[in-house]
Amino acid sequence: MTGGNRQTDRQLERAILELLRRRAPTATICPSDAARAVYEGGGDGWRALMEPARRAARRLVAAGKVEITQGGRRVDPAKARGPIRIRRTP
């Protein structure tokens with residue numbers, strides 16, 4: 001991983017935590033919210049940050065800071081397939 005990737009990874013982690021901090025304690029965000037917050041260009045280039053945003057969320061789960069949900073229920077990040085949501089841990 002290059003330094004630029006590590007920097008983007010950290011930016012995505014910070015964006016996830018900041019976006020959640022601004023919402024109600026039980027509110028969720030989509031990884032795309034973090035990708036859009038970090039992406040600095042125009043158009044839909046933020047889409048390239050979707051998988052990095054999902055990885056950032058998984059790292060934050062491992063750190064005990066967030067949960068990944070599907071259908072409103074907490075799921076194991078390694079088993080989550082399809083759309084996910086991110087929320088603060090209770």
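Heads up: the structure comes first, above all this text.
Describing the overall build of the protein chain
Helix and strand counts for the protein chain come out as three helices and four strands. Its helices and strands taken in sequence order, the protein chain reads α-β-α-α-β-β-β from the N to the C terminus. Whereas a compact globule of 90 residues would reach a radius of gyration of roughly 12 Å, the protein chain reaches 12 Å, a difference of no more than 12%. Evaluated residue by residue, the protein chain yields a buried proportion of 32% over its 90 residues. Taken as a whole, the protein chain presents about 5,500 Å² of accessible surface, with 49% of it coming from carbon and sulfur. A distance of 4 Å separates the average location of the 20 positive side-chain charges in the protein chain from that of its 9 negative side-chain charges.

Description of the packing of helix α2 (residues 31-38) against helix α3 (residues 50-62)
The N-to-C vectors of α2 and α3 enclose an angle of 115°; their axes lie 8 Å apart at closest approach. With respect to the hand of their crossing, α2 and α3 are arranged in right-handed fashion. Contact residues: α2 offers Pro31, Ser32 and Ala35, while α3 offers Met50, Ala53 and Arg54. Residues that form the contact of α2 with α3 fall into these classes: four nonpolar, one polar and one charged.

With respect to the sheet that holds strand β1 (residues 28-29)
Strand order across the open sheet formed by four strands is β1-β4-β2-β3, with antiparallel pairing between neighbours. In the strand order of this sheet, the two ends are held by β1 and β3 (73-74), each with one partner. Set on the sheet, α3 makes contact with β2 (66-70) and β4 (85-88); between it and β2 the angle comes to about 125°.

Things to note about the nonpolar core
Residues Leu12, Ile16, Leu20, Ile29, Ala34, Val66 and Ile86 are the most contacted members of the largest nonpolar core, which totals 20 residues. Breaking this core down by element, the ones donating at least two residues are α1 (3-21), α2, α3 and β2. When residues of this core are assigned to their parent elements, the largest contribution, five residues, is made by α1. Apart from residues no more than four positions distant in its own chain, leucine 20 is found in contact with Ala27, Thr28, Ile29, Val66, Ile86, Arg87 and Arg88.

Some thoughts on the pattern of salt bridges
One pass over the structure, following the stated rule, counts 10 salt bridges. Via salt bridges that share partners, Asp9, Arg10, Glu13 and Arg59 belong to a single interconnected network.

The rules behind these values
By convention here, each chain's residues receive numbers from 1 onward along its written sequence. Confidence filtering applies because this is a predicted model: local features only for residues at pLDDT of at least 70, side-chain atom pairs given and counted only at 80 or more, and all residues used for totals across whole chains, interfaces and linings. Values shown for side chains rest on all heavy atoms present in the structure; no hydrogens or waters enter the calculation. The secondary structure listing takes helices from DSSP runs of H or I that are at least 4 residues long and strands from runs of E that are at least 2 residues long, numbered from the N terminus. Just to be clear, the radius of gyration here is over C-alpha atoms, and the globule rule we use is 2.2 Å times residues to the power 0.38. A 1.4 Å probe rolled over the protein chains alone gives each residue an accessible area, and that area as a share of the maximum for its type sets the label: buried under 20%, exposed over 50%, partly exposed in between. Reported accessibility uses the Shrake-Rupley method at a 1.4 Å probe radius. Residues are deemed covered only where the shown protein chains occlude them. When charges are counted, neither His nor the chain ends are considered; positive counts come from Lys and Arg and negative counts from Asp and Glu. Taken as the charge centre is NZ of Lys, CZ of Arg, CG of Asp or CD of Glu, depending on the residue. An axis is simply a line fitted to the C-alpha atoms; with a helix, the fit covers only the stretch in contact. Between two such axes, the angle follows the N-to-C directions and lies from 0 to 180 degrees. Crossing chirality is assigned from the near helix's rotation relative to the far helix, an anticlockwise turn below a right angle marking it left-handed and a clockwise turn marking it right-handed. Only heavy atoms matter for contacts: two residues are in contact if any of them lie within 4.5 Å across the pair. Three classes are used: nonpolar for Ala, Val, Leu, Ile, Met, Phe, Trp, Tyr, Cys and Pro, charged for Asp, Glu, Lys and Arg, and polar for all others, with Gly counted as polar. Each pair of strands is called paired provided DSSP finds at least two bridges between the two strands. Put simply, a nonpolar core is a bunch of buried Ala, Val, Leu, Ile, Met, Phe, Trp, Tyr and Cys residues held in one set by side-chain atoms that sit within 4.5 Å of each other. A side-chain nitrogen of Lys or Arg and a carboxyl oxygen of Asp or Glu constitute a salt bridge if their distance falls within 4 Å.

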